[in-house]
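# Observations on chain architecture
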Amino acid sequence: MGARRIRTIDAVTAIDTVIFDLGAVLIDWDPNHLYRDVIPDRAERDWFLAKICTHDWNYSLDAGRSVPEAVAELAAQHPDHQREIRAWWDRWPDMLAGPIDGTVDIAHRLRSDGYRLLALTNFAAETWPRAVEKLPFLGTMFDGVVVSGIEKVAKPDPAIYHLLLDRYDVDPATAVFIDDRADNVATAEALGIRSHVFVSPGGLEEWLREVLAE
């Protein structure tokens, strides 16, 4: 990549669209960023995130459940942990450490080179505006964004991929998809989108050199 424009040799299958996941790819979102302060003890914090504010519970928020309502309901179910549970909504921006600079730099270069950038993200409807407020580039970088909580369907359900493809008139053969989760990548590949399991900006750049080779 660098300063040189990236193209494919075959004009028929030339890539014109790059679809990014956000969390753990372009932005550093992690409940631990907040809960290291709320629950300083590591073992207690790990237990809380495994047993109370669980991955499956958070996924239900990404799939469209109201965050304030879900937090209130969970706090009522676990009165001994109300303070910690309510922090999920009250202090949600503290979970967002900032951009992953290396990937953001790659995205800016792709945009400068003329590629269309889209985002397909699992994000709660109520927390998405708070993310854009904290990281304004999320509101300006992309030509289109599909947010699971707003659509009430989340990756890896194929329906949200079809929604993005239809809404933004994306040909799977001319698009690539980048996500940190293998199950999300598997769905994209099943739909004919060349995809990359994100581990690091360096690994992504190397993959892009191959897929978007001159």
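Residues numbered from 1 in each chain as written. Predicted model: local features only at pLDDT ≥ 70, side-chain atom pairs only at ≥ 80, totals over all residues. Heavy atoms only, no water.

## Observations regarding helix α11 (residues 201–211)
Put simply, the rule is: Under the scheme applied here, a residue whose accessible area is under 20% of the maximum for its type counts as buried, over 50% as exposed, and between as partly exposed, the area being computed with a 1.4 Å probe on protein chains only. What counts as a helix is a DSSP run of H or I of at least four residues, what counts as a strand is a run of E of at least two, and both are numbered from the N terminus. Working note: the arc is built from the helix axis to C-beta atom directions. Contact definition: two residues touch when any of their heavy atoms are within 4.5 Å.
What α11 keeps buried is the set L204, E205, W207, L208 and V211. Down the axis of α11, the smallest arc covering the buried residues is 165°, so these residues share one side. Relative to its buried face, α11 has exposed residues pointing more than 90 degrees away, namely E206 and E210. On its buried face, α11 sits against β1 (17–20), α6 (101–112), β6 (175–179) and β7 (194–197).

## Observations regarding the environment of V132
Here V132 shows up in helix α7 (residues 127–134). By relative accessible area, which is 23% here, V132 ends up partly exposed. Note: C-alpha distance between V132 and A72 (60 residues apart in sequence) is 24 Å. In this view, V132 contacts L138 and G139; residues no more than four positions away in its chain are not counted.

## Details of the confidence of the model for the chain
Inclusion rule: Every residue is assigned a pLDDT by the predictor, reflecting its confidence on a scale from 0 to 100.
Chain-level pLDDT for the chain is 94 on average; 93% of the residues reach the 70-or-more range. Across residues 1–12, confidence stays below pLDDT 50; counting only partners more than four residues off in sequence or on other chains, it has 31 contacts.

## Some words on a negative patch on the surface
Selection rule: Within this analysis, patches are made of residues with over 30% relative accessible area and no salt bridge. Like charges are joined at 9 Å or less; nonpolar side chains (Val, Leu, Ile, Met, Phe, Trp, Tyr) at 5 Å or less. For the area figures, the Shrake-Rupley method with a 1.4 Å probe applies, and any residue is considered shielded solely by the protein chains shown. Put simply, a salt bridge is a Lys or Arg side-chain nitrogen that is within 4 Å of an Asp or Glu carboxyl oxygen. Counting rule applied: Lys, Arg positive; Asp, Glu negative; His and chain ends not counted. The atoms used to mark charge sites are NZ of Lys, CZ of Arg, CG of Asp and CD of Glu.
Together, D16, D166, D169 and D171 make up a region of like negative charge exposed at the surface. If you trace the backbone, D166 turns up in helix α9 (residues 158–167). The exposed category is assigned to D166, whose relative accessible area is 64%.

## A short note on empty space enclosed by the protein
Condition: Definitions used throughout: a 1 Å grid over protein atoms alone; a cavity as a set of points that fits a 1.4 Å probe which cannot get out; a pocket as an open set with protein on both sides within 12 Å along at least five of seven lines; a lining residue as one with an atom within 4 Å of a point. Grid points are joined across faces, edges and corners, and a volume is the space filled by probe spheres set on the points. Under the scheme applied here, ten amino acids are nonpolar (Ala, Val, Leu, Ile, Met, Phe, Trp, Tyr, Cys and Pro), four are charged (Asp, Glu, Lys and Arg), and all others, including Gly, are polar.
Applying the stated criterion to the full structure yields 1 cavity of 30 Å³ or more. The space that makes up the largest cavity amounts to roughly 30 Å³. Considered class by class, the residues forming the lining of the largest cavity number 6 nonpolar, no polar and no charged.

## Looking at helix α4 (residues 67–77)
What counts, and what does not: Polar contacts, as used here, are pairs of N or O atoms within 3.5 Å; protein pairs need one atom able to donate a hydrogen and one able to accept it. Residues neighboring in sequence count only if both atoms are side-chain atoms.
Here α4 has its buried residues at V67, A70, V71, L74 and A75. Seen from one end, α4 has its buried residues packed into an arc of 130°, which puts them on one side. Residues of α4 that are exposed and point more than 90 degrees away from the buried face comprise E69 and A76. Each element contacted by the buried residues of α4 is listed here: α3 (55–62), α5 (82–90) and α7. At the N-terminal end of α4, a side-chain oxygen is found 3.3 Å from the backbone nitrogen of E69, two or three residues along, and the residue is S66.

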